[in-house]
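A closer look at the structure
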Amino acid sequence: MADETNHNQAGEVAPSTVDKQAPSVAEEHAPSTDSPEATDIPTANTPDPKAANPEDNPNAAKPAAVPPKREKPAAAKAATAEKAADATAEKPAAAPKAAKKEKAPSVEDKPFVEFIEQDYLPALQKAIAQQGVQDLQVSFAKQKVPITGFESAEECWQIIGSWSEIGKRQFNLYFPEEDIQGKKGFSCNEGKNPSTLESFLIDERKITLDLLVYGLVQRLGGQKWLGRN
């Protein structure tokens, strides 16, 4: 192997061309001692900026493309719509709400005279008869109040009841306002005109047929005119 070192004619060893080129290469790429300066020599720890950009570097890894969303074929859409229509058709139709029944008017809502004649008098006669009174006579009339001191008062509707099992007994139920919910009065006597007019069922807020019958039967019972009295 030939010696790579060149010898000149004087016998001195001449430097190789590599040694001559090394200083110039080093000086070209060496940073200046006056101020710091970046060089274009890549290092092992710093990646090439151009290689990191996939748009400039064709060899850089690119993210996988997202495939476009495929729309359902027209046949599939039609089948889905048909199933939805069938499901709706299978549901039973909601039953119509029953019409709210109107509350029938009560007997107490009848006109005053009609209520007394058709409902109250028959119910009162039956209730008093159940107490043992056999010859009760009941009438309904508009007349003066047969009590001393009321001679100048206007006529008012009255229920007059009487029987004579033990003497002559009579009672009067007064309706000065021609309204069962209005003011009412009561009087009774045995063989002569009554002397006192008293209030009747004044503490009740709402008068009904049953209450009106019960109240009068109770008042006559308090007079000891019913049963074994």
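Looking only at helices and strands, the chain features 5 helices and 7 strands. Its helices and strands in sequence order give the chain the pattern β-β-α-α-α-α-β-β-β-β-β-α, from N to C terminus. The proportion of buried residues among the 229 residues of the chain is 23%. Taking as baseline every contact in the chain between residues at least 6 positions apart, the subset at least 24 positions apart corresponds to 42%. Element-wise, carbon and sulfur atoms account for 52% of the exposed surface of the chain, whose accessible area totals about 17,900 Å².

Let us now look at the pairing of strand β5 (residues 169-175). Burial runs high along β5: 6 of the 7 residues are buried. Here 7 bridges tie strand β4 (residues 156-163) to β5, and the two strands are oriented antiparallel to one another. Each bridged residue has a counterpart across the sheet, and for I160 the counterpart in β5 is N172. Looking at chain direction, β5 and strand β6 (residues 185-190) are connected through 6 bridges and run antiparallel. What sits directly across from N172, in β6, is S187.

An α-helical turn contains 3.6 residues, so any two residues separated by three or four positions project in the same direction. Taking 1.5 Å as the rise per residue, helix α5 (residues 209-222) with 14 residues should run 20 Å; its terminal C-alpha atoms sit 20 Å apart, in good agreement. Inspection of α5 places L209, L211, L212, V213, G215, L216, V217 and L220 among the buried residues, and these make up the whole buried set. Where α5 is buried, its residues contact α4 (112-129), β4, β5 and β6. In the stretch just after α5, K224 is the one whose phi turns positive, near 60°.

Right, let's get into the nonpolar core. In this structure, I116, Y120, I128, I159, F171, L216 and L220 are the most contacted members of the largest nonpolar core, which totals 32 residues. Sorting the residues of this core by element identifies α4, β3 (137-143), β4, β5, β6 and α5 as the ones contributing at least two each. Counting residues per element, this core draws most heavily on α4, at 8 residues. Non-local contacts of L216, meaning those with residues more than four positions away in its chain, are made with Y120, L124, F171, L173, F186 and F200.

So, on to the pattern of salt bridges. Under the defined criterion, the tally for this structure stands at 4 salt bridges. In this structure, K110 engages D119 in a salt bridge whose closest nitrogen and oxygen atoms are separated by 3.0 Å. On the accessibility criterion, K110 (27% relative accessible area) is partly exposed. Given the relative accessible area of 15%, D119 is considered buried. Between K142 and E178 there is a salt bridge, with its nearest N and O atoms 3.0 Å apart. Separated by 36 residues along the polypeptide, K142 in strand β3 and E178 in the loop between β5 and β6 bring together distant segments of the chain.

Overall, the prediction assigns the chain a mean pLDDT of 74, with 55% of residues at 70 or greater. The low-confidence segment residues 1-14 (pLDDT under 50) makes 7 contacts with residues lying over four places distant or belonging to another chain.

Bringing the sheet that holds β6 into the picture now. Pairing in this open sheet of 5 strands is antiparallel, and the strands run β3-β4-β5-β6-β7 from one edge to the other. With partners counted over all chains shown, the strands left at the sheet margins are β3 and β7 (198-199), one partner each. Across the sheet, α4 lies against β3, β4 and β5, angled at about 150° from β3, the strand it touches most.

Along the chain, R169 falls in strand β5. Assessed through its relative accessible area of 8%, R169 is described here as buried. A distance of 3.3 Å separates a polar atom in the side chain of R169 from the backbone oxygen of W225.

This part covers unusual backbone geometry. Phi at L201 takes a positive value of approximately 50°, unusual for a residue other than glycine. The residue L201 is located in the loop between β7 and α5 in this model. The phi dihedral of K224 is positive, around 60°, even though this residue is not glycine. Within the secondary structure, K224 is located in the segment after α5. Among the residues examined, K224 registers a relative accessible area of 54% and is labelled exposed.

Calculation criteria
Residues numbered from 1 in each chain as written. Predicted model: local features only at pLDDT ≥ 70, side-chain atom pairs only at ≥ 80, totals over all residues. Heavy atoms only, no water. Helix = DSSP H or I, 4+ residues; strand = E, 2+ residues; numbered from the N terminus. Buried < 20%, exposed > 50% of the residue type's maximum accessible area, 1.4 Å probe, protein only. Contact = heavy atoms within 4.5 Å. Areas by Shrake-Rupley, 256 points an atom, 1.4 Å probe, with all protein chains shown as cover. Pairing = 2+ DSSP bridges. Expected span 1.5 Å × (residues − 1). Core = buried A, V, L, I, M, F, W, Y, C linked by side-chain atoms within 4.5 Å. Salt bridge = Lys/Arg side-chain N within 4 Å of Asp/Glu carboxyl O. pLDDT = per-residue confidence, 0-100. Axes fitted to C-alpha atoms, helices over the stretch in contact; angles between N-to-C directions. Polar contact = N/O pair within 3.5 Å; in protein donor to acceptor, adjacent residues only side chain to side chain.

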